[in-house]
Amino acid sequence: MTDKKELYKQIPQVDKLLHNEILKNREFYRHEIIDAVKIVLDELRNDIKDGKIVNIPADDELALNALDLAFKRVDKDIRRVINATGVILHSNLGRACLSKAASEAIAETISSYCTLEYDINEGKRGDRTGGVEKYLKNITDCEASLIVNNNAAAVLLVLSAITAGGNVIVSRGELVEIGGGFRVPDIIMQCGCELREVGTTNKTRIDDYSSATDKNTKALLKVHSSNFKVVGFTESVSVSELAGLSKTHNIPLIEDIGSGALSDVRRYSLYEEPIVKESLQNGADIVTFSGDKLLGSLQCGIILGKKEYIDLMKKHPLYRAFRIDKVTIAALEATLRVYGDLQTAQRDIPVLRMLSFTEDELRSKAEKLCEEIRKHGVSVDVIKTKSVAGGGSVPGLELPSYAISPIGSGSTDETEKYLRKQKVPIIGRIENDRLLLDLRTIFDEDHEYIINTVASLIS
Ligand SMILES: *Cc1c(COP(=O)(O)O)cnc(C)c1O
C-alpha cells in the first residue's frame, strides 16, 4: 500500500494547477477558479484520509474536475435558454423577449447616467414616466396613466387608492387565481375593502350587480379570466353594460384585463383577448394589465384611465413602493414607440412576430432545420403540432404549428435532458413519447446552434 504521507506529498500545489491550460477558461473569474481548485484538492485530501484512493490523478484530470465544479457552481444563475416549448409567453422562461431596440435602449441607459427624472430643456427635475405616458395616450386615447412593478401591484394600488373602507362588487366567475398566487379575493381583502361576490360560477347578470350596489360600494371590478375557461351554459356581463350601471350610480368601473393587447390581436386568432383601447372605449374608468405579456416589454403593471382616479393613486404611499426603475422605463418607451405603426410592431416585437407566423412559414422552417440536421446523420422528423400564447392569456386557444423531433440514441427522456443540460439549454416538450422542438418560439438566429447541438446527439 502506498503510504498516505507519500500521497499527500504528491498533491499538486494550487498555483501549479492554476497554470494548467484547461483552467485558462475565460468564462470564469480567477477567484471562481481558485475556489474550485481548492475544493477539488480538499476532496482529494479527504479521499486519501479515508483510504479511498491509491494514487493521485493526473493534473489534467484534477483541472477538469475543477472546471466542472466551477460550471456547477454557476448552474443556478439566470442565463439564456432556447425556448422550444411553443409557449410564447412562458412565465418560467421569462415571458416576453424584448425587441432589439428595447434591449439596446436598456444597455445604453444603464451603463451610464440617464434622464430618469431630469428635463433636458428646463435643466431641472423632470417627470419619471412622461415619455411612457405620451406613447400610451397616443396608442390608447387614455386620459392618464401610471406604471408600477407588475399587474398584481397595479390592482393592489388601484383598489387601495379608491375603494378602501367600502365594498367592491365582483362576479363569482371572476374570482380567479393567476399564476404564482395572485388571488383576487386575497388582494381585495389586503386593500381594506369588502369583497361583495355576485352571481354564480358560470352565470352572472347585470341585475346581480345592481341589487348588490349600495351607498358603500366604491367600485365595480371586472377581471379577465385569463388562465381558464368556463364552457357550456355561461353568462357574464359585458364592460359596456357594467359601464351603464357604474354611470348611474356614479361609481368607477375597474377592469383587470391581464394580458393587455395594444394592437388588435384578433388577426392572430386571439379572439377573446381584451384590447386596451376597446376596454376604455366600452366605458371602463380604469384598466390594468401586464407589461410583459402580449405587450412585449419588461415586467411592469400599467394602469390607464380617468385622471381623477390616477391622481388619487399617484398620491397613495403604495405608489412610491411600487414604482419602476430606469431599466423598465427604457424598455417600455422603446417598445411603445414601435406601436406607432402596427406593421413595424409585428416585425420588431418578438411576441407579435411569433404570433404572426403562418402554418406554412413554420413548416418550411421545420423542414429546412431537419434537412440540415440529417446531413449530420441524426434522424429527425417534422411534426405538426400546436403552440399556445401562454402567460395566462387566451385559455384553450391553440395555434397550429410545426416542430422537429430529433431521435437520439437513448430514450426520449434522455434526449430531452441532454438538450436541456447544454451550455445554452434547449427546452423542448415531450408529447406522445416524442421530444418536440416547436418552431414558433425559436429565433432564426438560434437555428445553427440547434443544428450543431442536435447533431452532437450521436457522438
Ligand atoms: C397575469 C395576470 C395578472 C398578474 O399580472 P403580473 O404582471 O404577473 O403581476 C393579474 N390579473 C390577470 C387577469 C392576469 O392575466
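Thresholds, definitions, all that
Residues numbered from 1 in each chain as written. Predicted model: local features only at pLDDT ≥ 70, side-chain atom pairs only at ≥ 80, totals over all residues. Heavy atoms only, no water. Helix = DSSP H or I, 4+ residues; strand = E, 2+ residues; numbered from the N terminus. Buried < 20%, exposed > 50% of the residue type's maximum accessible area, 1.4 Å probe, protein only. Contact = heavy atoms within 4.5 Å. Areas by Shrake-Rupley, 256 points an atom, 1.4 Å probe, with all protein chains shown as cover. Lys, Arg positive; Asp, Glu negative; His and termini not counted. Charge placed at Lys NZ, Arg CZ, Asp CG, Glu CD. Near = heavy atom within 4 Å. Polar contact = N/O pair within 3.5 Å; in protein donor to acceptor, adjacent residues only side chain to side chain. Nonpolar A, V, L, I, M, F, W, Y, C, P; charged D, E, K, R; others polar. Salt bridge = Lys/Arg side-chain N within 4 Å of Asp/Glu carboxyl O. Phe/Tyr/Trp six-rings, centres within 6.5 Å; stacked < 30°, edge-to-face > 60°. Lys NZ or Arg CZ within 6 Å of the ring centre and 35° of its normal. Pairing = 2+ DSSP bridges. Axes fitted to C-alpha atoms, helices over the stretch in contact; angles between N-to-C directions. Parallel < 35°, antiparallel > 145°, perpendicular 65-115°, else oblique. Left-handed = near helix turned anticlockwise from the far one by under 90°. 1 Å grid on protein atoms, 1.4 Å probe; cavity = no way out; pocket = protein on both sides within 12 Å on 5 of 7 lines; lining within 4 Å. Points joined across faces, edges and corners; volume = space filled by probe spheres on them. Domains from an automatic or database assignment.

Observations regarding the overall build of the protein
The helix and strand tally for the protein stands at 19 helices and 18 strands. Its C-alpha atoms put the protein at 95 × 50 × 50 Å along the principal axes. The buried share of the protein, taken over its 459 residues, is 48%. Long-range pairs, those at least 24 residues apart, make up 74% of the contacts in the protein between residues at least 6 apart in sequence. Looking at the protein as shown, the accessible area adds up to about 23400 Å², and 48% of this sits on carbon and sulfur atoms. With 61 positive and 68 negative side-chain charges, the protein shows a spacing of 3 Å between the two charge centroids.

A word on the site of the ligand
Around the ligand sit Arg 95, Asn 150, Asn 151, Ala 152, Ile 178, Phe 182, His 224, Ser 226, Asp 256, Gly 258, Ser 290 and Lys 293, and that is every residue in its neighbourhood. In the model, a nitrogen atom of the ligand is placed 2.7 Å from a nitrogen or oxygen of the Asp 256 side chain. Take Lys 293: an N or O atom from its side chain is 2.8 Å from an oxygen atom of the ligand. Elements with a contribution of two residues or more to the shell around the ligand: helix H7 (151–163) and strand S11 (253–258). A per-class count over the shell around the ligand returns 3 nonpolar, 6 polar and 3 charged.

Things to note about the pattern of salt bridges
Taken as a whole and assessed by the stated rule, the structure comprises 33 salt bridges. The residue Asp 285 makes a salt bridge to Lys 306 at a minimum N-O spacing of 2.6 Å. Within this pair, whereas Asp 285 is found in the loop between helix H11 (276–281) and strand S12 (286–290), its partner Lys 306 is found in the loop between strand S13 (301–305) and helix H12 (307–315), the two being separated by 21 residues in sequence. Shared partners join several salt bridges into a network, and the residues in it are Glu 117, Arg 125, Arg 128 and Arg 323.

Section: the packing of aromatic side chains
Evaluation of the coordinates by the stated rule reveals 1 aromatic pair. Ring centres of Phe 28 and Phe 71 lie 4.9 Å apart, and the angle between their planes is 80°; this geometry places the pair in the edge-to-face category. On the criterion of sequence distance, the pair formed by Phe 28 in the loop between helix H2 (14–18) and helix H3 (30–49) and Phe 71 in helix H4 (residues 59–73) is long-range, its members being 43 residues apart. The exposure class assigned to Phe 28 is buried, which follows from its relative accessible area of 11%. Seen from the ring of Tyr 135, Lys 134 lies directly overhead, with NZ or CZ sitting 4.6 Å from the centre.

Some points on the sheet that holds S13
Strand order across the open sheet formed by 7 strands is S5-S13-S12-S11-S10-S6-S9, with mixed pairing between neighbours. Each edge of the open sheet carries a strand with a single partner, namely strand S5 (144–148) and strand S9 (194–198). On average, each strand axis in the sheet is inclined to that of its neighbour by 20°, with strand direction left out of account. Summarising the sheet, S5 and S13 pair through 5 bridges and their orientation is antiparallel. Within the sheet, the bridge partner assigned to Leu 146 lies in S13 and is Ile 303. Most of the contacts of H12 go to S5, to which it runs at about 30°, and overall it touches S5, S12 and S13.

A look at unusual backbone geometry
Trans peptide bonds make up the majority, and among non-glycine residues the majority have a negative phi. Although it is not a glycine, Arg 95 sits at a positive phi angle of roughly 50°. With respect to the element layout, Arg 95 can be found in the loop between strand S2 (87–89) and helix H5 (100–110). The exposure class assigned to Arg 95 is partly exposed, which follows from its relative accessible area of 23%. The phi dihedral of Asp 141 falls on the positive side, at around 65°, and the residue is not glycine. Counting through the fold element by element, Asp 141 comes out in the loop between helix H6 (130–140) and S5.

Examining the packing of H6 against helix H14 (residues 326–338)
Pairs of packed helices are described in terms of their axes, by the angle between the two and the distance that separates them. It is at 9 Å that the axes of H6 and H14 come closest, and there the two elements cross at 30°. Overall, the two elements H6 and H14 adopt an arrangement that is roughly parallel. The two elements H6 and H14 cross, and the hand of that crossing is left-handed. Contacts between H6 and H14 involve Gly 131, Val 132, Tyr 135, Leu 136 and Ile 139 from the first element and Ile 329, Leu 332, Glu 333, Leu 336 and Arg 337 from the second. Among the residues making up the contact of H6 with H14, the classes are represented as 7 nonpolar, 1 polar and 2 charged.

Description of the environment of Val 132
With respect to the helices and strands, the residue Val 132 is situated in helix H6. Given the relative accessible area of 0%, Val 132 is considered buried. It is 7.3 Å that separates the C-alpha atoms of Val 132 and Ile 329, two residues lying 197 residues apart in sequence. Not counting residues up to four positions away in its chain, the partners in contact with Val 132 are Ile 147, Ile 329, Leu 332, Glu 333 and Leu 336.

Some remarks on the layout of surface pockets
Estimates place the volume of the largest pocket at around 910 Å³. Along the walls of the largest pocket sit 30 residues, with Arg 80, Val 81, Cys 97, Leu 98 and Phe 443 positioned nearest its centre. Among the secondary structure elements, those contributing two or more residues to the lining of the largest pocket are strand S1 (82–83), H5 and helix H16 (350–356). The dominant element in the lining of the largest pocket, judged by the number of residues it contributes, is H16, at 3 residues. Among the residues making up the lining of the largest pocket, the classes are represented as 13 nonpolar, 8 polar and 9 charged. The residue makeup of the lining of the largest pocket includes at least three contributed by each of domain 2 (82–91 + 354–458) and domain 3 (100–348).

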